[in-house]
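Here's the letter readout for the chains.
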Amino acid sequence: MDNGTRLRARTAPATPPPAASGASTASAASTASGVPGASVRDVREVTAEGAAWLASAETYPRSALAHWRARPTSPAVLPCGTAFDVVSVPSVFGRRMLDRLWEDGPGSGPVADHRGRTLFFAAPGTASRLPSLLEWEEWGPAVPCVLCHGPGDAITVPPLRAGADGTPDAPEDPGVEAAPRPTPRWLVAPDTRHPWLPGPEVMLWACVRAARAAASSAVRISIFPGGDQGAKVYDVSRRR
């Protein structure tokens, strides 16, 4: 089949994908949004219900919870494919996706940042389906380096809470100097036992919208440093 007859998926629709019934996610709002009466909290703190959901990915959830409660400022490694899949994209592109999901779309599930990449927690099955959707999407080539983690994969998740200085625990041996290392952190922490997770179609929609935004944005040069990218908080007054 030549390129002239090859069927391609439609570009993302003008209207966002519908929200799932009973979902639990936030719509986007920055600290400068000034929405009257908005109930705004920092959604980068994992709740007890969110920790229980994360632990459900393990074979022995109770043991995982006990370990995290003993060391709540330490990252953990969790398997993918049962409770969730993970879609990983470069951090800058991931922030664009996050903005599109919250401002124009149905919201997002838990989202983390680690080693220069944004990790979107997605519905199981997303990792196997999303690559083929991107392959057929006309904007697919504009989406940078998407990594999909599903059954058989594992990812590092941020700690339940940050240490006093905002970093994970220091080495147990005080005589050992800690080597510099990237600190995983939550951008949107899990806060419910059954969070809504976006599927492959929603992730495709976010990828295409972010790619379009990147392609249409003008190059801007400023002598002033940019704001802290981790300073954004989210309006949870409209959570589903």
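Higher on the page you've got the structure.
To start, this report covers the structure provided alongside it.

Examining the overall build of the protein chain
In terms of regular secondary structure, the protein chain is built from 5 helices and 9 strands. Starting at the N terminus and ending at the C terminus, the protein chain contains elements arranged as β-α-α-β-β-α-β-β-α-β-β-β-α-β. Taken across its 240 residues, the protein chain has 43% of its residues classed as buried. Long-range contacts, defined as pairs at least 24 residues apart, comprise 86% of the intrachain contacts of the protein chain with a sequence gap of at least 6. Just so you have it, the protein chain exposes about 12900 Å², and 54% of that area is on carbon and sulfur atoms.

Notes on the sheet that holds strand 8 (residues 185–188)
Whenever strands of a sheet pair, they do so through backbone hydrogen bonds, lying parallel or antiparallel. Strand order in this open sheet of 5 strands is 6-3-5-4-8, and the pairing throughout is antiparallel. Strand pairing shows two members of the sheet lacking a second neighbour, strand 6 (147–149) and strand 8, which therefore form its edges. Ignoring strand direction, the axes of neighbouring strands in this sheet form an average angle of 25 degrees. Pairing analysis gives 6 bridges linking strand 3 (residues 85–90) to strand 5 (residues 117–122), with the strands arranged antiparallel.

Concerning the pairing of strand 2 (residues 76–79)
Side chains Ala76 and Leu78 project from strand 2 onto a buried face, and the interleaved Val77 and Pro79 project onto a face without burial. Here 4 bridges tie strand 2 to strand 7 (residues 154–157), and the two strands are oriented antiparallel to one another. Counterpart to Ala76 in the pairing with strand 7 is Val157.

Examining helix 3 (residues 91–103)
Along its 13 residues, helix 3 runs 18 Å from first to last C-alpha, staying within 8% of the 18 Å computed at 1.5 Å per residue. By the burial criterion, the buried members of helix 3 are Ser91, Phe93, Gly94, Arg95, Met97, Leu98, Arg100, Leu101 and Trp102.

Points about helix 1 (residues 48–55)
Counting buried positions along helix 1 yields 6 of 8 residues, so the element is predominantly enclosed. Along helix 1, the residues classified as buried are Gly50, Ala51, Ala52, Trp53, Leu54 and Ala55. Contacts from the buried residues of helix 1 go to helix 2 (61–70), strand 2, strand 5 and strand 8.

A short note on the pattern of salt bridges
Side-chain pairs of opposite charge can arise where the charged atoms are in close proximity. A complete count under the given rule lists 2 salt bridges for this structure. Between Asp104 and Arg100 there is a salt bridge whose closest N-O contact spans 3.1 Å. What makes Arg100 buried here is its relative accessible area of 17%. Each of Arg100, Glu103 and Asp104 takes part in salt bridges that share partners, so that together they form one network.

A look at the environment of Ser56
Of note, Ser56 is situated in the loop between helix 1 and helix 2. We classify Ser56 as partly exposed; its relative accessible area is 28%. Separated by 26 residues in sequence, Ser56 and Thr82 have C-alpha atoms that sit 8.5 Å apart. Leave out the neighbours within four places in its chain, and Ser56 touches Pro61, Ala83 and Arg193.

Digging into unusual backbone geometry
Phi at Arg115 is positive, roughly 55 degrees, even though this residue is not glycine. Tracing the backbone through its elements, the reader meets Arg115 in the loop between strand 4 (111–114) and strand 5. We note that Cys145 has phi near 35 degrees; this positive angle belongs to a residue other than glycine. You can see Cys145 is positioned in the loop between helix 4 (126–136) and strand 6. A relative accessible area of 47% places Cys145 in the partly exposed class.

Cut-off values and rules
- Residues numbered from 1 in each chain as written.
- Predicted model: local features only at pLDDT ≥ 70, side-chain atom pairs only at ≥ 80, totals over all residues.
- Heavy atoms only, no water.
- Helix = DSSP H or I, 4+ residues; strand = E, 2+ residues; numbered from the N terminus.
- Buried < 20%, exposed > 50% of the residue type's maximum accessible area, 1.4 Å probe, protein only.
- Contact = heavy atoms within 4.5 Å.
- Areas by Shrake-Rupley, 256 points an atom, 1.4 Å probe, with all protein chains shown as cover.
- Pairing = 2+ DSSP bridges.
- Axes fitted to C-alpha atoms, helices over the stretch in contact; angles between N-to-C directions.
- Expected span 1.5 Å × (residues − 1).
- Salt bridge = Lys/Arg side-chain N within 4 Å of Asp/Glu carboxyl O.

Purely geometric stuff here, so don't read any function into it on its own.
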